[in-house]
Amino acid sequence: MKHLASLLLLTPVAVALAAPEAPLSTAPVQQDLKEIRQQINTLKKDLRTKESDRAEASDALKASAAAVAEASRLLQELEQQQGQTQQALHQLQQEILKVTQQVNKNRQRVSRILKAQYVNRHSADPLALFLQQDNPNRFARDLSYYGYLARAQQQEFDQLHERLTELDALSSRLESEQTKLARLEEERQKRKASLVNQ
């Protein structure tokens with residue numbers, strides 16, 4: 001009897017367990033799953049797009065960094081060239097100053113020579129010396145002396161001409177270096193501006 005009573009007690013539980021469940025409506029669950037899948041797919045697409053955008057931005061950043069490095073290197077080279085040109089310009093200015101001083105000294109000597117020639121124009125004439133031949137030895141000595149003076153004077157004139165030619169050449173080089181320096185400065189400013197814009 002004990003078994004029967006326990007069977008009777010368990011029967012409703014067994015019946016309840018063995019009885020098929022009432023069919024639940026799966027349509028809302030399926031719809032929810034479908035919406036969740038669509039959201040997941042949309043999120044995946046967004047993620048791929050963002051990763052692609054991030055990769056493009058990373059590539060653009062690398063390219064920009066390379067361009068900035070190149071522009072910076074070129075700017076440094078230009079600044080170095082500009083420094084060398086400024087140094088050459090300074091040396092040229094020093095040379096021009098030196099040659100100008102030499103030219104002024106040569107001009108002063110030539111001026112004194114020309115003044116002395118003007119003052120002594122009658123006594124230095126070889127024909128006048130020949131006609132005054134009271135002493136042939138003196139005539140030969142004076143003639144030799146005036147020859148030395150004439151050669152020294154010619155040497156002064158030649159030196160003055162050389163210095164003036166050298167001064168013209170140095171002035172041309174100076175102008176060329178100044179033009180080069182201006183061009184380098186303009187190039188440096190452009191590079192600097194492009195570097196700032198990047």
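The shown structure was predicted, so the numbers you read here are calculated from the model rather than taken from an experiment.

Moving on, we come to helix 4 (residues 136-197). With 62 residues, helix 4 extends 91 Å between its outermost C-alpha atoms, agreeing within 8% with the 92 Å of an ideal straight helix rising 1.5 Å per residue. When we look at burial in helix 4, the residues that qualify are Phe139, Asp142, Gln153, Glu156, Leu160, Leu167, Leu170, Leu174, Glu177, Leu181, Leu184 and Arg188.

This part takes up the side chain of Arg188. Take Arg188: it is sitting in helix 4. Excluding anything up to four places from it in sequence, Arg188 contacts Leu75, Leu78, Glu79 and Gln82.

All right, on to the packing of helix 2 (residues 27-119) against helix 4 then. Contact geometry of helix 2 with helix 4 gives a least axis separation of 7 Å together with a crossing angle of 160°. As the angle between them shows, helix 2 and helix 4 are arranged roughly antiparallel. The two elements helix 2 and helix 4 cross, and the hand of that crossing is left-handed. When the residues that make up the contact of helix 2 with helix 4 are grouped by side-chain class, the tally is 23 nonpolar, 14 polar and 15 charged.

This brings us to the nonpolar core. Residues Leu89, Leu92, Ile96, Val99, Val103, Val110, Leu160, Leu167, Leu170, Leu174 and Leu181 constitute the largest nonpolar core, which totals 11 residues. Listing elements by their share of this core, those giving two or more residues are helix 2 and helix 4. Residue contributions to this core peak at six residues, all from helix 2. In contact with Leu170, other than residues within four places in its own chain, are Leu92, Glu95, Ile96 and Val99.

Let's shift gears to the environment of Leu181. Considering the arrangement of structural elements, one finds Leu181 in helix 4. Judged by relative accessible area, Leu181 falls into the buried class, the value being 15%. For the pair Leu181 and Leu89, spaced 92 residues apart in sequence, the C-alpha to C-alpha distance is 8.7 Å. Those residues within four positions of Leu181 in sequence are excluded, and the remaining contacts are Gln82, Thr85, Gln86 and Leu89.

Calculation criteria
- Residues numbered from 1 in each chain as written.
- Predicted model: local features only at pLDDT ≥ 70, side-chain atom pairs only at ≥ 80, totals over all residues.
- Heavy atoms only, no water.
- Helix = DSSP H or I, 4+ residues; strand = E, 2+ residues; numbered from the N terminus.
- Expected span 1.5 Å × (residues − 1).
- Buried < 20%, exposed > 50% of the residue type's maximum accessible area, 1.4 Å probe, protein only.
- Contact = heavy atoms within 4.5 Å.
- Axes fitted to C-alpha atoms, helices over the stretch in contact; angles between N-to-C directions.
- Parallel < 35°, antiparallel > 145°, perpendicular 65-115°, else oblique.
- Left-handed = near helix turned anticlockwise from the far one by under 90°.
- Nonpolar A, V, L, I, M, F, W, Y, C, P; charged D, E, K, R; others polar.
- Core = buried A, V, L, I, M, F, W, Y, C linked by side-chain atoms within 4.5 Å.

Bear in mind that shape data such as this cannot, by itself, settle questions of function.
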